[in-house]
Amino acid sequence: MQDGQIFEQRYRIVREVGRGSYGIVYAAQDLHANQNVAIKVLLPWVRADQDLRHRLQREAKLTRMLVGQHAVRIFDFAETPDGDLYIVMEFLDGEELSQLLLREGRLKPERVAEIGRQILDALRESHRLGVIHRDLKPHNVLVCGAGSGRDFVKVLDFGIAKVAGNEDGSGLMETTRLTAPGNIVGTPAYMSPEQCRGEPLTVASDFYSVGVLMYEMAVGRPPFDDPNPLQVLMLHNTQPVPPLSPAITGAPLGQAILRALEKDPKDRFASADDFLAAIDGRTPEIMSSTVRSKRVPTLRPAPVATVAPTGSDVPALASPSAQVLSRRKAPSRSFGQLIRSYWVAILIVLLLIVLAATRLWN
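Residues numbered from 1 in each chain as written. Predicted model: local features only at pLDDT ≥ 70, side-chain atom pairs only at ≥ 80, totals over all residues. Heavy atoms only, no water.

Draft legend 1. A look at the overall build of the protein. The helix and strand inventory of the protein stands at 11 helices and 11 strands. Scored against the burial criterion, the 362 residues of the protein give a buried share of 43%. Considering only intrachain contacts with a sequence separation of at least 6, the fraction spanning at least 24 residues in the protein is 60%. Taken as a whole, the protein presents about 19,400 Å² of accessible surface, with 54% of it coming from carbon and sulfur. (Helix = DSSP H or I, 4+ residues; strand = E, 2+ residues; numbered from the N terminus. Buried < 20%, exposed > 50% of the residue type's maximum accessible area, 1.4 Å probe, protein only. Contact = heavy atoms within 4.5 Å. Areas by Shrake-Rupley, 256 points an atom, 1.4 Å probe, with all protein chains shown as cover.)

Draft legend 2. Inspection of the nonpolar core at higher detail. Counting residues in hydrophobic clusters, the biggest one holds 51 residues, and the most contacted among them are L97, I119, M214 and F275. Sorting the residues of this core by element identifies α2 (97-104), α3 (109-128), β9 (141-144), β10 (152-155), α5 (203-219), α8 (252-260) and α9 (272-279) as the ones contributing at least two each. Counting residues per element, this core draws most heavily on α5, at 10 residues. Other than its neighbours up to four places away in sequence, I119 contacts V141, V153, V155, V210 and L213. Within the second largest apolar cluster, 13 residues are counted, among which are L42, A60, L85 and L142. (Core = buried A, V, L, I, M, F, W, Y, C linked by side-chain atoms within 4.5 Å.)

Draft legend 3. The arrangement of the packing of α5 against α8 in detail. Where α5 contacts α8, the axes come no closer than 8 Å and their chain directions differ by 135°. It follows from the interaxial angle that α5 and α8 lie oblique. As α5 runs across α8, the sense of the crossing is left-handed. On α8, the residues that touch F207, Y208, G211, M214 and Y215 of α5 are L253, I257 and A260. (Axes fitted to C-alpha atoms, helices over the stretch in contact; angles between N-to-C directions. Parallel < 35°, antiparallel > 145°, perpendicular 65-115°, else oblique. Left-handed = near helix turned anticlockwise from the far one by under 90°.)

Draft legend 4. Representation of the sheet that holds strand β6 (residues 85-90) within the structure. Strand order in the open sheet formed by 6 strands is β1-β2-β3-β4-β6-β5, and the pairing between neighbours is antiparallel. At either end of the open sheet lies a strand with only one pairing partner, and these are β1 (6-7) and β5 (74-79). One ladder, built from 8 bridges, connects strand β3 (residues 23-30) with strand β4 (residues 35-42); its direction is antiparallel. If you follow G23 over to β4, its bridge partner there is L42. (Pairing = 2+ DSSP bridges.)

Draft legend 5. Focus on helix α1 (residues 50-64). Across its 15 residues, α1 extends 21 Å between first and last C-alpha, which sits within 8% of the 21 Å expected from 1.5 Å per residue. Regarding α1, the residues found buried are L52, R53, L56, R58, E59, A60, L62 and T63. (Expected span 1.5 Å × (residues − 1).)

Draft legend 6. Looking closely at the pairing of β6. Counting buried positions over the 6 residues of β6 gives 6, a clear majority of the element. Of the strand pairs in this sheet, β4 and β6 are connected by 5 bridges, and their pairing is antiparallel. Within β6, the position partnered with V41 by the bridge is Y86. Pairing of β5 with β6, which is carried by 5 bridges, proceeds in the antiparallel orientation. Among the inter-strand pairings, D76 is bridged to a residue of β6, identified as V88.

Draft legend 7. How the structure looks around the pattern of salt bridges. Per the stated rule, a full pass over the model turns up 16 salt bridges. Here D30 makes a salt bridge to R10, at a shortest N to O gap of 2.8 Å. One end of the pair, D30, is in strand β3; the other, R10, is in the loop between β1 and β2 (11-19), and 20 residues separate them in sequence. The partner of E16 in a salt bridge is R19, with the nearest N and O atoms 3.0 Å apart. You can call E16 partly exposed: its relative accessible area is 37%. Shared partners join several salt bridges into a network, and the residues in it are E95, R103, E104, R111 and D151. (Salt bridge = Lys/Arg side-chain N within 4 Å of Asp/Glu carboxyl O.)

Draft legend 8. A look at the sheet that holds β9. As summarised here, the arrangement of the 3 strands in space is β7-β9-β10, forming an open sheet in which the pairing is antiparallel. Across the chains shown, the open sheet's two edge strands, defined by having one partner strand only, are β7 (94-96) and β10. If you compare each strand with its neighbour and ignore which way they point, the axes differ by 30° on average. Where β9 meets β10, 4 bridges bridge the pair, whose relative direction is antiparallel. Along β10, the bridge assignment pairs L142 with K154. Sheet strands in contact with α2 are β7 and β9, and its direction is about 85° off that of β7.

Draft legend 9. Representation of unusual backbone geometry within the structure. Although it is not a glycine, Q9 adopts a positive phi angle of roughly 55°. Counting through the fold element by element, Q9 comes out in the loop between β1 and β2. In this structure Q9 comes out as exposed when scored by relative accessible area, which is 74%.

Structure (structure tokens):
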């Protein structure tokens, strides 16, 4: 579409603002509502692809279910006489997290925590509706108001999301067939190990992706990165997470990130609320049934290296993630427990003496 063109007798196209593999996003003015909007349409060469058409339809349906402040708002979803599907959504004045990281590199821990909290707020709502995002990455996180003192985050593109089966998501259950077990869908650098293997996903997979995003914001690069996407898939499944700096590792933020990046989904957070509590250094008052069925070690500060490499301004690295969660100290034994252990030892010794005497007698 051209700048200034009137689209569908209602929207004046202002400019193209983004282009992806399957669609183009335009900034436009809604002449009826007198407001700025964004319009996303499929590219002409994929017009006849029914799977992609279904994907755009699904994105609109899923996103319209989300009404929280950190999910993009959808105003309209329709099809042109020529067969082009399009979505009209709120226009957001911001930049992708990928652009922010490219410009600024590592972010301060408090900023990492703030952006992470808002992403989790969007997921808390989507998970309650039974929707797993499945493609969280810097391109799908829009940061508005950067540089104004507080970032405001919007999570975009639920286009490959899976409806997990919650009753609130009824009517969208057919979308699960497009992402059946065995099909690997997502962006390798931000995919959970189970997603890399093409296995069925739970909300824990989204939390892994959030962990990758927060790790990248804190370090300046994702934990596993390689030009070969297959190698990245393997690294997610086989390699420990590269250590964070001691200052981050020893804080609740670092421990929350590393727990989100556990290989086993059961060792991650059971809910967005649990993840948020860990970032803030709080313990949830009520733990979910998933966590109760498999207790996760209490988050404790990890040992911090005190000597940095000589001649380098790079901070000393903490121990690997497997060692970040400190082991619980063995509880002190009571006097009664010591007495019982003492008598058990005496009985064992007496039994050995009796057996030895029996052998000598024979």
